[in-house]
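# Survey of secondary and tertiary structure
Letter by letter, the chains look like this.
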Amino acid sequence: MRFGQAFGLIATAAALWLLWSLREVLLLVFAAIVVAMALCTLVALVRERLRCGRPLALLLTVVGLAVLLVVVGATVVPPFLDQFAQLLRKLPAAAALLQSSLRQALDQVSQMLYGQQALQWLQQGWGSSSEPNGALAAGLGGGLLRLLGLAGGLGSGLIQLLFVLVVSLMITAQPHAYREVAVLLVPSFYRRRFRTVLLLCGEALSSWMGGLLISSLCVAVLAGIGLSLLGVKLVVANALLAGLLNIIPNIGPTLSTVFPMAVALLDSPWKALAVLVLYLVVQHLESYVITPSVMHHQVNLLPGLTLIAQFVFTVLFGPLGLFLALPLAVCLQVLLREVLIHDVLDPWKQRRLAA
């Protein structure tokens, strides 16, 4: 190996190590790009409707979003926070009730099959307290408090959020200039093609975000209507949680079902089962009716690939990787399809056939 090749190999390894060391910052930059794509879509709609320049359209978009956030914060956030606090207080009692019901069912099964003392060791594993504030309920409550304590560390989180918002606004103000900077990072013979690939990634992200917003709103509305008809308490908190957690596929809908079932269980077991059936129906409507209707231009991701992407990006990047797993998967799918398949493998196959 000559000196130039060895130096190039070392430089490449050092660059990869540097990128891996800065993976959290790069992930925040990607989050800023996702937000910027959403803002660019809104700015384009404002420019199309009002026939105005980009600076004015960006100003109107930012002001409109700020007013919307203030209105939503004043009307929806206070009752949501109040009901969410009540929801957290009800979870230990629901856990204790579930524990008691399971122990009673276990006693009945033991008496019918093995005798009263046959599964005593298993019952002891559940704990001997039958009070609402038993060991399991206390452990669940303590775990929730610790989780809220971790979520309450807002110092670095606010700084990261501010970084994402500022960078996204800068990109939205001059999207073409920043896209050209990315284009310059590839060899000159591939820049025109890479510019097209970046445009395709942007279109895929815009389509995904628009469809996800509509589907999440539909899920929140359907969940709220269903919970109201069933007479379940804390409707606002549970409906908003269903819409927000719908952003995380596979995991989010499952988590959103736990909270209303816990509240319904305190009223009666049949109501908890009715809530489970309601959420299954809502998720099937979202998966087979709403999403295909509003995301027909979206990059189609197979459920298995979505789950794999969530697992891989969560392991690599932590909780932020879980939230950004889908946009990362959307961009990676476009890049693999356009760069690897269309530009590398298809011409290679044609050359092999011609030879």
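Our subject is the structure that appears above.
Since the model is a prediction, treat every value here as computed from it, not as a measurement.

Definitions and limits used
- Residues numbered from 1 in each chain as written.
- Predicted model: local features only at pLDDT ≥ 70, side-chain atom pairs only at ≥ 80, totals over all residues.
- Heavy atoms only, no water.
- 1 Å grid on protein atoms, 1.4 Å probe; cavity = no way out; pocket = protein on both sides within 12 Å on 5 of 7 lines; lining within 4 Å.
- Points joined across faces, edges and corners; volume = space filled by probe spheres on them.
- Helix = DSSP H or I, 4+ residues; strand = E, 2+ residues; numbered from the N terminus.
- Core = buried A, V, L, I, M, F, W, Y, C linked by side-chain atoms within 4.5 Å.
- Buried < 20%, exposed > 50% of the residue type's maximum accessible area, 1.4 Å probe, protein only.
- Expected span 1.5 Å × (residues − 1).
- Contact = heavy atoms within 4.5 Å.

So, on to the layout of surface pockets. Rolled over the atoms, a probe with the dimensions of a water molecule shows which regions are left empty. Estimates place the volume of the second largest pocket at around 1,600 Å³. Looking at the second largest pocket, it is lined by 40 residues, and the ones nearest its centre are Phe30, Ile33, Ala182, Leu198 and Cys331. Within the residue set of the lining of the second largest pocket, elements represented by two or more residues are helix 1 (3–21), helix 2 (23–50), helix 7 (154–173), helix 8 (175–183), helix 9 (191–230), helix 13 (303–317) and helix 15 (325–354). Element by element, the count of residues in the lining of the second largest pocket is highest for helix 2, at 13 residues.

Next up on the list: the nonpolar core. Residues Phe30, Trp208, Leu324 and Leu328 are the most contacted members of the largest nonpolar core, which totals 31 residues. For this core, the secondary-structure elements that each account for two or more residues are helix 2, helix 7, helix 9, helix 13 and helix 15. Of the residues forming this core, the biggest block, 8 residues, is contributed by helix 9. Formed by 23 residues, the second largest nonpolar core is a distinct cluster that contains Ala94, Leu234, Leu265 and Tyr279.

Over its 28 residues, helix 2 runs 40 Å from end to end, which matches the ideal 40 Å to within 8%, given 1.5 Å per residue. Residues of helix 2 that are buried include every one of Leu27, Leu28, Phe30, Ala31, Ala32, Val34, Ala36, Leu39, Cys40, Val43 and Val46, and no others. Phi turns positive one or two residues past the end of helix 2, at Arg51, with a value near 55°.

Among the secondary structure elements, Thr61 is positioned in helix 3 (residues 54–75). With sequence-adjacent residues up to four places away left out, Thr61 is seen in contact with Leu42, Val43 and Val46.

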